[in-house]
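# Coordinate inspection notes
What follows is the residue order along each chain.
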Amino acid sequence: MTTGSATLYYENDTGLTFETDVVGHAFDDGTTDDFVQTSDVYVGFNDSATETEYAAFLITPAAGLSAIAGVYKSSLVLSTLSQVSSRTLRVYGLEYASSQASSVTSLTALQGLTKTAAYADATSNAGASFLAWDITTIIEELQGVGSWSTTSPIQLYLEDTGAAATGLDKRILIDAGNVTTSRIAILMDDGSELGTGVGEIP
């Protein structure tokens, strides 16, 4: 019989949601290189008419995360309105201590922002309603950004690592405005979370 003791932490469905009046997708169809502010965010490639690439810009409010706080685990979960299977979606942090929303005016501009060396991948599934990533190393790298403070937002760049499929629409549609599912959860070393909803069972 196994004996001993352990501390169990539990986490409710809370976390950092996204600024729905700022997030959106950037796209380039070879003629138009633009950004659309929308909470229904496309990522991937659409070749049903003209080959077009889409990537996402996501940003939270001030995260309340200091540069020296100990992060135990962080996850990103995004609700999806539609998925196609077997696409690899890669997320990077954007290495800035203040919002870069005003500079995200096109896919070229978005891709030109400084990204974290750390990234995380998730594989899409047509039968799923969400995507999830472990972004712990991304968050820890962002804490090392110059001038990072509790007022800094978490900003993310999300792309499809693949290529267009001839004649097909292979985009993923993300519901960034779904505050129940689309969020960043950060569990601290002491068992607390940024926000409410984490407790300890002794």
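Every value quoted in this text rests on a predicted model; they were computed, and no experiment measured them.

## A few points about helix 2 (residues 136–143)
Buried within helix 2 are the following residues: Thr136, Ile138, Ile139, Leu142 and Gln143. End-on, the buried residues of helix 2 take up no more than an arc of 165°, which puts them together on one face. The secondary structure elements touched by the buried residues of helix 2 are strand 6 (71–82), strand 7 (88–94), strand 8 (115–123), strand 9 (130–134), strand 10 (153–160) and strand 12 (183–188).

## Some details on the side chain of Arg171
Along the chain, Arg171 turns up in the loop between strand 10 and strand 11 (172–175). Arg171 gets classed as buried once you look at its relative accessible area, which sits at 14%. At 3.4 Å, the side chain of Arg171 and the side chain of Tyr54 are in polar contact. A polar side-chain atom of Arg171 sits 2.9 Å from a polar atom in the side chain of Asp169. The residues contacting Arg171, other than those within four sequence positions of it, are Tyr42, Val43, Gly44, Phe45, Asn46, Tyr54 and Val84.

## Considerations on the packing of aromatic side chains
Counted according to the given criterion, the structure contains four aromatic pairs. Aromatic pair Phe27 and Tyr54: ring centres 5.7 Å apart, planes at 25°, arrangement stacked. Here the residue Phe27 occupies a position in strand 2 (residues 24–28), and Tyr54 occupies one in strand 5 (residues 52–62), the gap between them amounting to 27 residues. Neither residue differs from the other here; Phe27 and Tyr54 are each classed as buried. We classify Tyr54 as buried; its relative accessible area is 12%. Clustering of aromatic rings is evident, with ring pairs tying together Phe27, Tyr42 and Tyr54.

## Focus on the pattern of salt bridges
Opposite charge on two side chains permits pairing when their charged atoms draw close. Tallied over the full model, the rule gives four salt bridges. Between Asp134 and Lys73 there is a salt bridge whose closest N-O contact spans 3.2 Å. Pair noted here: Asp134 is in strand 9 and Lys73 is in strand 6, with a separation of 61 residues, a long-range link. Among the residues examined, Asp134 registers a relative accessible area of 41% and is labelled partly exposed.

## Considering the confidence of the model for the protein
On average, residues of the protein carry a pLDDT of 92, and 90% of them reach 70 or more. Under a pLDDT of 50 for its full length, residues 196–202 has, in the predicted model, 22 contacts with residues more than four places off or in other chains.

## Notes on the nonpolar core
Generally speaking, nonpolar side chains in soluble globular proteins are found buried as a group. In terms of nonpolar packing, the biggest core is built from 50 residues, with Trp133, Ile154 and Ile186 touching the most fellow members. The element best represented in this core is strand 5, accounting for five residues. Other than its neighbours up to four places away in sequence, Trp133 contacts Ser74, Ser75, Leu76, Leu78, Leu89, Val91, Ala120, Asp121, Ala122 and Leu158.

## Here's the deal with the pairing of strand 9
Here strand 9 shows a clear split, with Leu131 and Trp133 buried on one side and none of Phe130, Ala132 and Asp134 buried on the other. Judged from the five bridges that link them, strand 6 and strand 9 form a sheet pairing that is antiparallel. Considered in strand 9, the bridge of Leu76 is made with Trp133.

## Concerning the side chain of Arg90
Tracing the chain through its elements places Arg90 in strand 7. Among the polar contacts listed, one links the side chain of Arg90 to the side chain of Asp121, at a separation of 2.8 Å. Not counting residues within four places of it along the chain, the set of residues in contact with Arg90 comprises Tyr119, Ala120, Asp121, Tyr157, Leu158, Glu159 and Thr161.

Procedures and definitions
- Residues numbered from 1 in each chain as written.
- Predicted model: local features only at pLDDT ≥ 70, side-chain atom pairs only at ≥ 80, totals over all residues.
- Heavy atoms only, no water.
- Buried < 20%, exposed > 50% of the residue type's maximum accessible area, 1.4 Å probe, protein only.
- Helix = DSSP H or I, 4+ residues; strand = E, 2+ residues; numbered from the N terminus.
- Arc of directions from axis to C-beta.
- Contact = heavy atoms within 4.5 Å.
- Polar contact = N/O pair within 3.5 Å; in protein donor to acceptor, adjacent residues only side chain to side chain.
- Phe/Tyr/Trp six-rings, centres within 6.5 Å; stacked < 30°, edge-to-face > 60°.
- Salt bridge = Lys/Arg side-chain N within 4 Å of Asp/Glu carboxyl O.
- pLDDT = per-residue confidence, 0-100.
- Core = buried A, V, L, I, M, F, W, Y, C linked by side-chain atoms within 4.5 Å.
- Pairing = 2+ DSSP bridges.

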